[in-house]
Amino acid sequence: MDIEKAKSAASELHAKASKKAADWQSFVGKHKNLFTSSSLFTNMCKSVFEKVDIDSSGTVGVSECYVAILLFYLKLSVLVKGLTPPTIEDVRKFVRTVAAQSDGKEEEEVDLQEFQTLLTLLLEHLIRRVLLQIAIAFFIIPIIAAHIWDIYNAIYLKNTFVGSFIPRPIGVNLSVTLLLSTIVPFILKRFETSSVESIEVDALGVDAEEKINDDDDNNINKKEK
């Protein structure tokens, strides 16, 4: 009987671990986009990971992981301007969560696959961010700048030497430049911060849900005893 109970317990643990792994992979899959599903992304992850894995142990700690993420964002900034990397505390939380979901241990180190998963979560919003940046820079800001210049010109510059000296296209372009250099960085930074916080909550939510299920199972077992 003891052997049968042991086998049953082992089977339950295996089924639970398999379900947890499947749920985690499903969670990560939902946060992939065209870029993070590409071979370019995989190669970039491998390249920066190998650069910081100095001892070739196959794993990196939080500090090394943070350096790797900074290197990755540096490479990515060639394609997407103005990306804001996460803080080291954000990275620490992500590393613990990814490690715990991948192998069940809340460690402060990740292997290459876990590092790629971590970046997949961090860059889940990348496509939306690029579309937002294009919409702001090429559509929203020019329209707002044109209205601002027309209003300013009508109130302050109409029938003045400066107003007649500066053509409308130049005035609008000056307004666009001013708005792009002041408002846009603020908007994009807020977007980056809120996106990282959102993914962090979702990732931690998976772990929290698992803990709730564990507590429910424990309570049921206690009642049965």
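On a predicted model such as this, the values are computed, not experimentally measured, just so you know.

**Student:** I keep staring at the overall build of the protein and nothing clicks. Help me out?
**Tutor:** Scanning the protein for helices and strands turns up eight helices and two strands. Going from the N terminus to the C terminus, the protein shows its helices and strands as α-α-β-α-α-β-α-α-α-α. Looking at the protein residue by residue over its 225 residues, the buried ones come to 32%. Put simply, 73% of the contacts in the protein that link residues at least 6 apart link residues at least 24 apart. Carbon together with sulfur atoms contributes 61% to the accessible area of the protein, which is approximately 14,000 Å² in total.

**Student:** I tried to follow the environment of S175 on my own but got confused; where do I start?
**Tutor:** Inspection of the secondary structure assignment puts S175 in helix α8 (residues 168-224). Residue classification places S175 among the buried residues on the basis of a relative accessible area of 12%. The spacing of S175 and I141 is 34 residues in sequence and 8.9 Å in space, taken between C-alpha atoms. The contacts of S175, once residues within four sequence positions are left out, are A145 and W149.

**Student:** Would you explain the environment of K189 in this entry?
**Tutor:** Relative to the helices and strands, K189 resides in helix α8. Each C-alpha atom of the pair K189 and T84 lies 6.7 Å from the other, and the pair is 105 residues apart in sequence.

**Student:** Would you mind showing me how to read the packing of helix α3 (residues 62-76) against helix α5 (residues 112-122) here?
**Tutor:** Two quantities define a packed helix pair, namely the angle between the helix axes and the distance between the axes. Their axes nearest at 12 Å, the elements α3 and α5 cross at an angle of 55°. As the angle between them shows, α3 and α5 are arranged oblique. You can see that α3 and α5 cross each other, and the crossing is right-handed. Only F115, L118, L119 and L122 of α5 make contact with α3, whose side of the interface consists of C65, A68, I69, F72 and Y73. Split into classes, the residues belonging to the contact of α3 with α5 amount to nine nonpolar, no polar and no charged.

**Student:** Just to check I follow, could you spell out the nonpolar core for this structure?
**Tutor:** One recurring pattern in soluble globular proteins is that nonpolar side chains are buried together. Counting 28 residues, the largest nonpolar core has C65, I69, F72, F115 and L119 as its most contacted members. Taken together, the elements giving at least two residues each to this core come down to α2 (39-52), α3, α4 (88-103) and α5. At seven residues, α3 tops the list of elements feeding residues into this core. Setting aside its immediate chain neighbours within four residues, F72 contacts F35, F41, M44, C45, V48, L119 and L123.

So, how was this worked out
- Residues numbered from 1 in each chain as written.
- Predicted model: local features only at pLDDT ≥ 70, side-chain atom pairs only at ≥ 80, totals over all residues.
- Heavy atoms only, no water.
- Helix = DSSP H or I, 4+ residues; strand = E, 2+ residues; numbered from the N terminus.
- Buried < 20%, exposed > 50% of the residue type's maximum accessible area, 1.4 Å probe, protein only.
- Contact = heavy atoms within 4.5 Å.
- Areas by Shrake-Rupley, 256 points an atom, 1.4 Å probe, with all protein chains shown as cover.
- Axes fitted to C-alpha atoms, helices over the stretch in contact; angles between N-to-C directions.
- Parallel < 35°, antiparallel > 145°, perpendicular 65-115°, else oblique.
- Left-handed = near helix turned anticlockwise from the far one by under 90°.
- Nonpolar A, V, L, I, M, F, W, Y, C, P; charged D, E, K, R; others polar.
- Core = buried A, V, L, I, M, F, W, Y, C linked by side-chain atoms within 4.5 Å.

In short, geometric facts, not functional conclusions.
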